[in-house]
Amino acid sequence: MKEGIIFNQSETVRSITVELLESIPESDWDVIPKGFRNNIRWNAGHILTIQDWFANSFRSLSENLPNKYWDYFAKDTSPADWTDDPPSKEVLLKLLKEQHIWIHTTCKGKLDQKLDEPFKGMETLGELLLLGNFHDGMHNGVINAQKKIIIANK
């Protein structure tokens, strides 16, 4: 698959996620609807953090994100465990909007690079970035469901 297609798809998927997040008032970002263990803020930060980790081939978070984002937003974390204030909606949206630019700059010419170890059948960085697009979309669905539940319960 051509690099441009992967980068364009990532940008399109992310713009859909950002549009959804922008439509939700920040006052709703911290509500954890019944049946969920996380809130909209966690989902937004999780998308950002995991895609960054994918783009760095699981080695670490990039210099674009503070290391504490891993403590807030990694898999199996929860807002119930946060001991200080998480990033604001404004900060998370800014980073989400800019992330595709850093990923393009960092990963350009490297999408065929083999991962140190395959992950869920993905063997190259490009495949992993495509999985990241799926991950974005999956959490977009969760955010949309949470938004609807929050509105219904107002």
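Computed from a prediction, not measured in an experiment: that's the story for all the values here.

Caption draft 1: Structural context of the overall build of the protein chain. A tally of helices and strands in the protein chain yields five helices and two strands. In the protein chain, the order of α-helices and β-strands from amino to carboxyl end is α-α-α-α-β-β-α. At 15 Å, the protein chain has a C-alpha radius of gyration in line with the 15 Å of a compact globule built from 154 residues. Considering only C-alpha atoms, the protein chain reaches an extent of 50 × 30 × 25 Å along its principal axes. Within the span of the protein chain, comprising 154 residues, buried residues form 45% of the whole. Of the contacts made within the protein chain by residues no fewer than 6 positions apart, 68% connect residues no fewer than 24 positions apart. Approximately 8400 Å² of the protein chain is accessible, and the part contributed by carbon and sulfur atoms is 54%. Taking the 18 positively charged and 22 negatively charged side chains of the protein chain as two groups, their mean positions are separated by 4 Å.

Caption draft 2: A look at the packing of aromatic side chains. This structure, assessed with the given rule, holds eight aromatic pairs. Where phenylalanine 73 meets tryptophan 82, the ring centres are 5.8 Å apart and the plane angle is 85°; that geometry is what we call edge-to-face. Here the two residues phenylalanine 73 and tryptophan 82 agree in accessibility, since each one is buried. Aromatic ring contacts, followed pair by pair, group Trp53, Phe54, Trp70 and Phe119 into a single cluster.

Caption draft 3: Structural view of the nonpolar core. In terms of nonpolar packing, the biggest core is built from 22 residues, with Leu21, Trp29, Leu48 and Tyr69 touching the most fellow members. Contributing elements (two or more residues each) for this core: α1 (3-22), α2 (40-55), α3 (68-73), α4 (89-107) and α5 (125-152). In terms of nonpolar packing, the next biggest core, distinct from the first, is built from eight residues, Ile6, Phe7, Ile103 and Leu111 among them.

Caption draft 4: Examining the confidence of the model for the protein chain more closely. Scored by pLDDT, the protein chain comes out at a mean of 92, with 96% of its residues at no less than 70. Here strand β1 (residues 114-119) stands out as the least confident element of the protein chain, with mean pLDDT 87; α5 is the most confident, with 95.

Caption draft 5: Local environment of the side chain of asparagine 38. With respect to the helices, strands and loops of the structure, asparagine 38 is situated in the loop between α1 and α2. Once you skip the residues sitting within four places of it in the chain, asparagine 38 turns out to touch Ile32, Pro33, Asn43, Thr77, Ser78, Pro79 and Gln146.

Caption draft 6: Layout of the environment of alanine 44. Locating alanine 44 in the fold gives a position in helix α2. According to the relative accessible area criterion, alanine 44 is buried, its value standing at 0%. In this view, alanine 44 contacts Leu21, Trp29, Leu92, Leu96 and Ile143; residues no more than four positions away in its chain are not counted.

Caption draft 7: Layout of the side chain of aspartate 136. Assignment of secondary structure puts aspartate 136 in helix α5. Apart from residues no more than four positions distant in its own chain, aspartate 136 is found in contact with Val13, Arg14, Thr17 and Ile47.

Caption draft 8: Local environment of unusual backbone geometry. Within the chain, aspartate 76 stands out as a residue other than glycine whose phi angle is a positive 70°. Considering the arrangement of structural elements, one finds aspartate 76 in the loop between α3 and α4. In this structure, lysine 120 takes a positive phi of about 50° despite not being glycine. Residue placement: lysine 120 occurs in the loop between β1 and β2 (122-124). For lysine 120, a relative accessible area of 65% translates into the label exposed.

About the thresholds
Residues numbered from 1 in each chain as written. Predicted model: local features only at pLDDT ≥ 70, side-chain atom pairs only at ≥ 80, totals over all residues. Heavy atoms only, no water. Helix = DSSP H or I, 4+ residues; strand = E, 2+ residues; numbered from the N terminus. Rg over C-alpha atoms; globule rule 2.2 N^0.38 Å. Buried < 20%, exposed > 50% of the residue type's maximum accessible area, 1.4 Å probe, protein only. Contact = heavy atoms within 4.5 Å. Areas by Shrake-Rupley, 256 points an atom, 1.4 Å probe, with all protein chains shown as cover. Lys, Arg positive; Asp, Glu negative; His and termini not counted. Charge placed at Lys NZ, Arg CZ, Asp CG, Glu CD. Phe/Tyr/Trp six-rings, centres within 6.5 Å; stacked < 30°, edge-to-face > 60°. Core = buried A, V, L, I, M, F, W, Y, C linked by side-chain atoms within 4.5 Å. pLDDT = per-residue confidence, 0-100.

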